[in-house]
Amino acid sequence: MGETLRYFYSVEHHVYWGVLVAAYFLYTGISAGSFFISGLGTVFNIEKFKPFSRVSAVIAAVFIMAAPIHLLADLEQPARFWNLFIHPHFTSAMSWGVYLLLVYAIVTLRYTWLLMQADLAKGTDGPIKLWGAIGLFLAFAVESYTGLLLADVPGRVLWHTPLMPFFFSVSAVVSAIALILIVSWMMTHVQGTGDLANLLPWFLFADFAMLVFMTIVLWKGSAAGHAAAYVMLLGPEKYSFLVTEALMGLIVPFAILVSKWGRENSIGTTVAAALTLIGVVATRINIVILGQRIPMTGDRLLSYHISGHDMVVAGVVGIVALAALAFLLRNLPVAGRGSDGTARLMPNTLGVKEGM
Amino acid sequence: MAEEKKVRYAMVIDLRRCIGCHSCTVACKSENNVPLGVFRGWVKEAEKGTYPNVSRERLPRLCNHCAEAPCVDVCPVTATYQTADGTVIINYDRCIGCKYCIAACPYNSRFINPIRKTADKCDFCYHRITKGLAPACVSTCVGEARIFGNVLDPNSEVAKLIGANPVQVVRSNLNTEPHVYYIGADTGILGAYFGRIEGDEK
C-alpha cells in the first residue's frame, strides 16, 4: 500500500451535468437508433424489418424533437441559446452537435412525412430511400457526436475513451429496439415482433462486450481508472452498474431473448425490452453522472442530488413526449388490420403483398 | 513570420513559504465578489503518512491558465478564450451556461456563478494585471509564496524561480501545459487521492 493521505480541508466541487444531460443522451439515442431500424426496411430493403419502418420513424421524429428541450432547460442562460448559432466554435463537439441535431431533426421530419404519405406498394420509394440514407448517416453522426462530446474530455477517466462514440451508437440501437418492441406490442398485442426481437440480443451482446472491455481497461489502467472500476464493481455504485445496468439491462434480457420461451412469447419479448430500456437509462445516468463523481483533484466521490427543476423538466418532457408518440401512432398510418382481422403493423404499405 | 510572443503570464507558488493561512482564498473572494459556496482559488490541505512519520501538505489551487486549455477548446460559443498574454478568461455576456467547460476542466477550477448564472473561474485578476498590479492572492500572500509575472522575460522572478528550482504542475500527464507552477509540492496532493474511495482508509 502506498502512502496514505488524509484530506482535512478542501472545497466541495459539484456535479454540474445531471439527469437532464443523461436524458438528452437517452432521447437522441432512441431517435438515432429508431432511424437505423426504420432504415433497415426503407434504405436497405430488408423485408422482415419493413413492418417497423413507420413506427420507428415516428419514434425517431418524436424523440429528436423532445431531446434538445433537456439541453435548453439545462442552460444557465437559456435565452442566449442563439449564441450557439452566431458564435460557432468548431473545436467544440457541442458546437458541431448543434448543427448536426438541427439538420438531423429536419431530415427525420421530412423522411417521416414522406413515409406516411407514400403508397410504397406502387414502388415510389426513391425519395424515401434518399432521405433515409441521408438520415442514417446523420443518425450515426448525431449518436457519435454525443459520445465524442464525452470522449473529448481528457480529465474524466470514465469518458475519455475512443470507444465512447461506438458504445453510444450500440446503446442507441439497443434502446431503440427495446422501445419499438414495447410500442409494437402495445399497438397490436400480437406476435409479430420476432424479427426485431431476434436482432436485439446481438446488440445486447455488443453492448455488453464493450462494457466488459472498458471495465477491464479501467481496472488495469490509471489510478483514477482503477478507482472508477472499483466504484462500479465493488463500491457504492455496484447496484446501479452491476445489477441495474449489466445484469438487469443486458444479461437478463439477453437470456430471455435467446430462450425459446422468450422468442416465442410476446410477453417475454416485451418484458425483456422493458428491462433493456431500464438498463439503458441506468447506463446513461452512470456514464454522465458517475463520470463526474470520480474526483480529479480531491479524495472522495463528488455528491450528486437531483434538483427539483431537473426532476420536473425530465418528468414533463417525458410525459409530453410519450403522449405525443401515442397520439401520432394512433392517428398516423402505422398500423392496421390484416386479412384475419387482427391488429398488425403495416408491411403492405412498404410494398409487401398481403399474406406474404 | 508571426510576431514572437512577448508576454506569457504565469504564477509560481513556492510551498516552502506557504503557511496555510488561506488569506489568498479570502482576498480572491473579496476582490472578485465570489459568491458563497464557490471558489476561484482555495487551499487544500492533507496529512500524509502514519504516525510518527507524518507531514502536513497543502496545495493552493486556482485556474492553471493552460496553454492547451480544454475549456477553451470545448466552449461551443467561444465565450472562453485565451488572451495574447496566455490568460484564459470568460466573456460573461456570451456564456450560455452549458457547463461543458466545467466538465472539461481537469482541475475542477470552474464553477457556475450562482448570481451571474454563467461559468466562472480565476482570471489572474485580469482587471488588475492589465493595470500593472499583481493578482489579489499574490499581493495578499503574507509569506510571499505566490509570485506572478511574465515567464517569457528571463529577468522576471517567475522565470528565475522556474529555471532554478524543480517545479511541479497539477496533473502533468494531461498535456494541457498548466502555467501555475509549484515548488516543493508533494506528488500525493498534486492530483486526486483514491485510497479513501477504494477503502484503504476508514
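Our subject is the structure that appears above.
Worth saying up front: this structure is predicted, and the values here are computed from it rather than measured.

Asks: Just checking my understanding: could you explain the overall build of chain B for this structure?
Replies: The helix and strand inventory of chain B stands at seven helices and nine strands. The C-alpha atoms of chain B give 17 Å as radius of gyration, which agrees with the globular expectation for 202 residues (17 Å, within 12%). Along the first, second and third principal axes, the C-alpha set of chain B runs to 55 × 40 × 35 Å. Here chain B holds 202 residues, and 64% of them are scored as buried. Sequence separation of at least 24 residues holds for 58% of the intrachain contacts in chain B that already meet a minimum separation of 6. Split by element, the accessible area of chain B, about 8,700 Å² in all, is 51% carbon and sulfur.

Asks: Would you take a moment to explain the pattern of salt bridges for this structure?
Replies: Pairing between side chains of opposite charge can happen when the charged atoms of each approach one another. One pass over the full model with this rule turns up 13 salt bridges over all chains. With a shortest N-O distance of 3.1 Å, B:K99 and A:E76 are connected by a salt bridge. In this pair, B:K99 sits in the loop between β5 (88-90) and α3 (100-104) while A:E76 sits in the loop between α2 (53-74) and α3 (83-86), so the two residues belong to two different chains. When its relative accessible area of 22% is taken as the criterion, A:E76 is described as partly exposed.

Asks: When you look at the packing of helix α5 (residues 126-151) of chain A against helix α6 (residues 164-188) of chain A in this model, what are you seeing that I'm missing?
Replies: Each pair of packed helices can be described by the angle between their axes along with the distance between the axes. Residues and elements named next belong to chain A. With their axes 7 Å apart at the nearest point, α5 and α6 run at an angle of 135 degrees to one another. Judged on the interaxial angle alone, α6 and α5 are oblique. Considering how the two elements wind past one another, α5 and α6 form a crossing that is right-handed. Residues F140, E143, S144, T146, G147, L148, L150 and A151 of α5 lie in contact with α6, whose contacting residues are M164, P165, F166, F168, S169 and A172.

Asks: Whenever I open this one, the state of the cysteines confuses me. Can you help?
Replies: Here, disulfide denotes a covalent bond that connects the sulfur atoms of two cysteines. All names here are of chain B. For the structure shown, the criterion picks out zero disulfides over all chains. The thiol of C28 is not disulfide-bonded; the next cysteine sulfur, from C125, is found 6.2 Å away. The class of C28 is buried, set by a relative accessible area of 11%. With no disulfide of its own, C141 lies 6.4 Å from the sulfur of C21, the closest cysteine sulfur.

Asks: Even after reading the chapter, I still don't get the environment of B:N64, so can you show me in this structure?
Replies: Residue position: B:N64 is located in the loop between β3 (53-61) and α2 (70-74). With residues near it in sequence (within four places) discarded, B:N64 still touches B:Y107, B:V170, B:P178, B:H179 and B:V180.

Asks: Sorry if this is basic, but what is going on with the interface of chain B and chain A here?
Replies: Accessible area lost during the coming together of the parts is what is often quoted as the interface size. At the junction of the two partners, chain B supplies 59 residues and chain A supplies 52 residues. Together chain B and chain A conceal approximately 5,100 Å² of surface at their shared face, both sides included; 57% is due to carbon and sulfur atoms. Taken together, the links from chain B to chain A amount to two salt bridges. Applying the counting criterion to the chain B and chain A interface returns 34 residue pairs in polar contact (both at pLDDT 80 or more).

Asks: Could you clarify how one ought to interpret the sheet that holds strand β1 (residues 9-14) of chain B in this entry?
Replies: All names here are of chain B. With respect to topology, three strands assemble into an open sheet ordered β8-β1-β9, the strand pairing being mixed. Only two strands of the sheet have a single partner each, and these edge strands are β8 (146-150) and β9 (180-183). With direction set aside, neighbouring strand axes in the sheet form an average angle of 20 degrees. As defined by bridge partners, β1 adjoins β8 across five bridges and the pair is classed as antiparallel.

Asks: Looking at this model, I keep getting lost on the pairing of β3(B). Mind explaining?
Replies: Each regular strand displays side chains that alternate between the two surfaces of the sheet. Residue and element names in this part refer to chain B. As defined by bridge partners, strand β2 (residues 42-50) adjoins β3 across nine bridges and the pair is classed as antiparallel. Note on β3: the bridge partner recorded for K48 is S55. The loop that links β2 with its antiparallel partner β3 comprises two residues.

Asks: Would you mind showing me how to read the sheet that holds β3(B) here?
Replies: Across a sheet, strands are paired by hydrogen bonds formed along the backbone, either parallel or antiparallel in direction. Strand order in the open sheet formed by three strands is β1(A)-β2(B)-β3(B), with antiparallel pairing between adjacent strands. In this open sheet, the two edge strands, each paired with only one partner strand, are β1 (5-9) of chain A together with β3 of chain B. Across the sheet, the axes of successive neighbouring strands diverge by a mean angle of 25 degrees, strand direction being ignored.

Asks: Honestly, the packing of aromatic side chains in this entry has me stumped. Any pointers?
Replies: For any two aromatic rings, the description comes down to two numbers: the centre-to-centre distance and the angle of the planes. For the structure shown, the criterion picks out 15 aromatic pairs over all chains. Geometrically, the ring pair formed by A:F90 and A:W96 is edge-to-face, given 5.2 Å between the ring centres and 65 degrees between the ring planes. Taken together, A:F81, A:W82, A:F85, A:F90, A:W96 and A:Y99 form an aromatic cluster joined through their ring pairs. Note that A:R156 overlies the ring of A:W159, its terminal NZ or CZ placed 5.8 Å from the centroid. In this structure, B:K29 packs its charged tip against the face of B:F39, placed 4.3 Å from the ring centre.

Basis of the calculations
- Residues numbered from 1 in each chain as written.
- Chains lettered and ligands numbered in written order.
- Predicted model: local features only at pLDDT ≥ 70, side-chain atom pairs only at ≥ 80, totals over all residues.
- Heavy atoms only, no water.
- Helix = DSSP H or I, 4+ residues; strand = E, 2+ residues; numbered from the N terminus.
- Rg over C-alpha atoms; globule rule 2.2 N^0.38 Å.
- Buried < 20%, exposed > 50% of the residue type's maximum accessible area, 1.4 Å probe, protein only.
- Contact = heavy atoms within 4.5 Å.
- Areas by Shrake-Rupley, 256 points an atom, 1.4 Å probe, with all protein chains shown as cover.
- Salt bridge = Lys/Arg side-chain N within 4 Å of Asp/Glu carboxyl O.
- Axes fitted to C-alpha atoms, helices over the stretch in contact; angles between N-to-C directions.
- Parallel < 35°, antiparallel > 145°, perpendicular 65-115°, else oblique.
- Left-handed = near helix turned anticlockwise from the far one by under 90°.
- Disulfide = S-S within 2.5 Å.
- Buried area = accessible area lost by both parts, 1.4 Å probe.
- Polar contact = N/O pair within 3.5 Å; in protein donor to acceptor, adjacent residues only side chain to side chain.
- Pairing = 2+ DSSP bridges.
- Phe/Tyr/Trp six-rings, centres within 6.5 Å; stacked < 30°, edge-to-face > 60°.
- Lys NZ or Arg CZ within 6 Å of the ring centre and 35° of its normal.

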